[in-house]
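Take a look at the letters that make up each chain.
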Amino acid sequence: MKARIDALVRPEIRALKAYHVPEAAGLIKLDAMENPYGWPDALKAEWLETLRAVELNRYPDPQGEDLQQAIRAAMEIPEEMGLLLGNGSDELIQMIALTVAQSGRKVLSVDPGFVMYRMIGCFAGLDYLGVPLEAEDFSLDLDAMLEAIEREQPALVYLAYPNNPTGNRFDADDMVRIIEMAPGLVIVDEAYAPFTDCSFMRLLGDWENLLVMRTVSKMGLAGLRLGYLVGPKPWLEEIDKVRLPYNINVLTQVSAAFALKHKAVLDEQTQSIRVERGHLMEGLGRLPGIHAYPSEANFILTRMPEGQADAIFAGLKDRKILVKNLNGTHPLLKDCLRLTVGTPEENAALLAALGALLG
Ligand code: PMP
């Protein structure tokens, strides 16, 4: 079988590892940028009531019209812009890649950045190019970006705003220079929009090659798998052609529309996460030897004392706390752990455990 696999599977896929999600049962889960809060009982009961009307024997609405309207009503999307739904923003990244993929074409982003730009580019046969961020504060190296864009002429440029896994927001003027220089599409990925006050959404239309991508995952609906892409209609009409039929299932359509009608509850939760981010930052500042990078997302990138990240990650896990170990994933992330902001109790447990491990 191995010989046949070797002969048949594309070498670049053969070289990959499947996306790994660690087992988290029984652990305080601070690894995946989820909102830690559930819904109030009354809201949950109301949601379950709306599900009673759902029929599972029919395919879902192919365009998700009700859900599109709920997103437009809740998310301040410019009226003249198109809207495209994806099974998570991951699926949108895939749809965009499939729309433009051709041998020799390139996708460009920053390193360290969100891994799916690279992985999905690879699935689609696009070459990936990651331009290193500045080592000191993970800001854009604008000269290097512009030089790479001029040299490589990428079909796609992804900029996560704020960036994952570093948590910072790039300088908006630098982003504009990149949009103006890029020969292809620039996708501003605003997955962490609920945790910052800045956005490119209102600037859509100022440049014909700008798209904005969002997700409901980080605002408290990660289980639904729903992302949305906003931009000039002519682009979205093309990308829509590679969308699989019925990509948003009926339970997601109904549940997300319901949740967005009660967005105030989610807003309150994301607001608490922002407050808690400040508390966690202060707590980390009191711990010896840890450097915490400023964040406008719902996680904080931290650098542990030299050579200790793996042991601290393991020690946290022994204490039933799961974070993301980034040590060894990129030279700029040496000794780094990424901590998702949890509830006040979870953050207190994290700080106590870090204190004990560092002490
Ligand atoms: N963009 C960024 C920058 C992310 O960090 C993530 C998730 N970690 C995503 C997109 C994917 O989000 P979704 O859950 O909508 O697929």
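Residues numbered from 1 in each chain as written. Predicted model: local features only at pLDDT ≥ 70, side-chain atom pairs only at ≥ 80, totals over all residues.

In the nomenclature of an unreviewed UniProt entry, the protein chain is known as Histidinol-phosphate aminotransferase of Thiorhodococcus mannitoliphagus.

Engineer: Mind showing me how you'd approach the site of the ligand here?
Structural biologist: What surrounds the ligand is the set Met33, Gly88, Ser89, Asp90, Phe114, Ala160, Asn164, Asp189, Ala191, Thr215, Ser217 and Gly227. Across the shell around the ligand, the residue classes break down as 4 nonpolar, 6 polar and 2 charged. (Near = placed C-beta within 6 Å. Nonpolar A, V, L, I, M, F, W, Y, C, P; charged D, E, K, R; others polar.)

Engineer: Teacher, can you tell me more about the packing of helix α7 (residues 142-152) against helix α8 (residues 172-181) here?
Structural biologist: Packed helices, taken two at a time, are described by the angle between their axes plus the distance between the axes. Following both chains from N to C, one finds α7 and α8 inclined at 10°, their axes separated by 10 Å at the closest point. By the angle class used here, α7 and α8 are roughly parallel. Counting all contacts with α7, which are made through Leu142, Met145, Leu146, Ile149 and Glu150, the residues of α8 involved are Asp174, Arg177, Ile178 and Met181. In terms of residue class, the contact of α7 with α8 is built from 6 nonpolar, no polar and 3 charged. (Axes fitted to C-alpha atoms, helices over the stretch in contact; angles between N-to-C directions. Helix = DSSP H or I, 4+ residues; strand = E, 2+ residues; numbered from the N terminus. Parallel < 35°, antiparallel > 145°, perpendicular 65-115°, else oblique. Contact = placed C-beta atoms within 7 Å.)

Engineer: What is the right way to read the sheet that holds strand β7 (residues 210-215) from this model?
Structural biologist: Backbone hydrogen bonds hold the strands of a sheet together, and the pairing may be parallel or antiparallel. The strand order β2-β8-β7-β6-β5-β3-β4 describes an open sheet built from 7 strands, whose pairing is mixed. Each end of this open sheet is capped by a strand with a single partner; those strands are β2 (82-86) and β4 (127-132). Adjacent strand axes in the sheet meet at a mean angle of 25° when their direction is disregarded. Looking at chain direction, strand β5 (residues 156-160) and strand β6 (residues 185-189) are connected through 5 bridges and run parallel. Each residue of the ladder has a partner; that of Leu156, found in β6, is Leu185. Against the sheet, helix α4 (residues 65-75) touches β2 and β8 (227-231), its axis set at about 115° to β2. Sheet contacts for helix α5 (residues 89-100): β2, β3 (106-111), β5, β6, β7 and β8; angle to β2, the most-contacted strand, approximately 110°. (Pairing = 2+ DSSP bridges.)

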